[in-house]
Amino acid sequence: MLLFHGLTNNPAQFAEFGPALRERGANVLAIRLPHHGESDRLTKKLAALKSAELMQTLDDALDIAAMLGERVAVMGHSTGGTLAAFAAQFRNGISLAVPVCPGFAVLRFSRPLSRAIMFGARIVPNVHIWWDPDLRERFRPAAAYPRFPTRAVAAVMRIADATYRAARRRAPLARKIRAVVVARDPAVNNLATRRLVDRWRAHGADATYEELIVEPLNHDPFDPDSPRARTEKSYPTLLAFFDELLHGDSLR
């Protein structure tokens, strides 16, 4: 099982979810994305993130995963969810892909407006934006960066665009896809994810869309150090998607 964390986070996001998968019998590998996980939480290195770096990281991880077990599953959150969706569309040999809260449209903007904003972000000087302007450096999770660079978001959006366009023309290569979002997610537009799943299903793919009802509003259902994660509510649903792969039970 490959786990890809979200933008500004690191593999610590899966500090409890990864072991829970391991207890179910999976080999688990949590991947650190480029320029993430620095000890300096205010580092500006993430602004240099490139789409090609993310693609290379994904390919390297899939190569490793193919040597660790009989079947390969990919789950990612936010930016990691976008990578999981990209892998589902383009990469062979994936038995199950679970994109969680992927970023196909930022905030609650439409896809066209999101794409326009991100195109501008690739041209104008980078801006670092606080996840929480009130907490600033005190933002949790404590291991994650408390702000994100607009250039990095633009790099992720290029991957999202490639996935979205391809899904209109052809079926995804993953055997099963289970897309999951948090209802009324404040960070991404869930409608874009639903429409992506509709495109996959129109090609006959085994793809589903499900909303987690987690209060208070929160983008991250994984990180045990996130004050809003409510993992006791989100983990059972997320773990259930792996039952068929591991034990032959029926997927939700």
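Residues numbered from 1 in each chain as written. Predicted model: local features only at pLDDT ≥ 70, side-chain atom pairs only at ≥ 80, totals over all residues. Heavy atoms only, no water.

A. View of the overall build of the protein chain. Across its full length, the protein chain carries eight helices and eight strands. The C-alpha atoms of the protein chain give a radius of gyration of 17 Å, which matches the 18 Å a tight globule of 252 residues would have. Overall, the C-alpha framework of the protein chain stretches about 50 × 40 × 35 Å when taken along its three principal axes. The buried share of the protein chain, reckoned over its 252 residues, is 54%. Accessible area of the protein chain: about 11200 Å², with a carbon and sulfur share of 52%. Taking the 35 positively charged and 26 negatively charged side chains of the protein chain as two groups, their mean positions are separated by 7 Å. (Helix = DSSP H or I, 4+ residues; strand = E, 2+ residues; numbered from the N terminus. Rg over C-alpha atoms; globule rule 2.2 N^0.38 Å. Buried < 20%, exposed > 50% of the residue type's maximum accessible area, 1.4 Å probe, protein only. Areas by Shrake-Rupley, 256 points an atom, 1.4 Å probe, with all protein chains shown as cover. Lys, Arg positive; Asp, Glu negative; His and termini not counted. Charge placed at Lys NZ, Arg CZ, Asp CG, Glu CD.)

B. Just the nonpolar core, in detail. Counting 50 residues, the largest nonpolar core has Leu2, Phe4, Val74 and Trp200 as the members making the most contacts within it. Considering each element in turn, this core owes the most residues, nine residues, to helix α5 (residues 150-169). Excluding its chain neighbours within four sequence positions, the residues that come into contact with Phe4 are Phe14, Ile31, Leu33, Leu58, Ala61, Val74, Met75, Gly76, His77, Gly80 and Leu83. With 24 residues, the next largest nonpolar core counts Val98, Val180, Leu238 and Leu239 among its residues. (Core = buried A, V, L, I, M, F, W, Y, C linked by side-chain atoms within 4.5 Å. Contact = heavy atoms within 4.5 Å.)

C. Here's a closer look at a nonpolar patch on the surface. A cluster of nonpolar side chains, contributed by Leu107, Phe109, Leu113 and Ile117, occupies part of the molecular surface with about 300 Å² of accessible area. In this structure, Leu107 sits in the loop between β4 (94-100) and α4 (111-123). Residue class for Leu107 comes out partly exposed when judged on its relative accessible area of 42%. (Patch = residues over 30% accessible without salt bridge, like charges linked within 9 Å, V, L, I, M, F, W, Y side chains within 5 Å. Salt bridge = Lys/Arg side-chain N within 4 Å of Asp/Glu carboxyl O.)

D. Local environment of helix α7 (residues 231-240). Here α7 lies mainly inside the structure; seven of its ten residues are buried. Taken together, the buried positions of α7 are Thr231, Ser234, Tyr235, Thr237, Leu238, Leu239 and Ala240. Along its buried surface, α7 packs onto α1 (17-23), β3 (72-77), β4, β7 (176-182), β8 (207-212) and α8 (243-247).

E. Looking closely at the environment of Pro146. Secondary-structure assignment places Pro146 in the loop between β5 (128-130) and β6 (147-149). For the pair formed by Pro146 and His128, sequence separation is 18 residues and the distance between their alpha carbons is 9.7 Å. Setting aside chain neighbours within four positions, we find Pro146 in contact with Arg41, Leu42, Ile129, Trp130, Trp131, Arg136, Glu137 and Phe139.

F. How the structure looks around the pattern of salt bridges. Scanning all chains against the criterion turns up eight salt bridges. When the shortest N-O distance is used, the salt bridge between Glu38 and Lys45 registers 3.7 Å. Accessibility expressed as a relative area gives 46% for Lys45, which makes it partly exposed. With its nearest N and O atoms 3.2 Å apart, the salt bridge here joins Arg140 to Asp225.

G. Structural view of the packing of aromatic side chains. Summed over the entire model, instances satisfying the criterion amount to six aromatic pairs. Between Phe17 and Phe222, the ring centres sit 5.0 Å apart and the planes meet at 85°, which makes this aromatic pair edge-to-face. Within this pair, whereas Phe17 is found in helix α1, its partner Phe222 is found in the loop between β8 and α7, the two being separated by 205 residues in sequence. Judged by relative accessible area, which is 0%, Phe222 ranks as buried. Consider the rings of Trp131 and Phe148, whose centres lie 4.6 Å apart with planes at 45°: the pair is tilted. Linking Trp131 in the loop between β5 and β6 with Phe148 in strand β6, this pair joins segments that are 17 residues apart in sequence. You can call Trp131 partly exposed: its relative accessible area is 33%. The class for Phe148 is buried, based on a relative accessible area of 15%. Grouped by ring-pair contacts, the aromatic residues Phe14, Phe17, Phe222 and Tyr235 constitute a single cluster. The cationic tip of Arg111 hangs over the ring face of Tyr164; the distance from NZ or CZ to the ring centre is 4.0 Å. The lysine or arginine in question, Arg147, covers the ring of Trp130, its NZ or CZ lying 5.6 Å from the ring centre. (Phe/Tyr/Trp six-rings, centres within 6.5 Å; stacked < 30°, edge-to-face > 60°. Lys NZ or Arg CZ within 6 Å of the ring centre and 35° of its normal.)

Geometric values such as these leave the question of function open.
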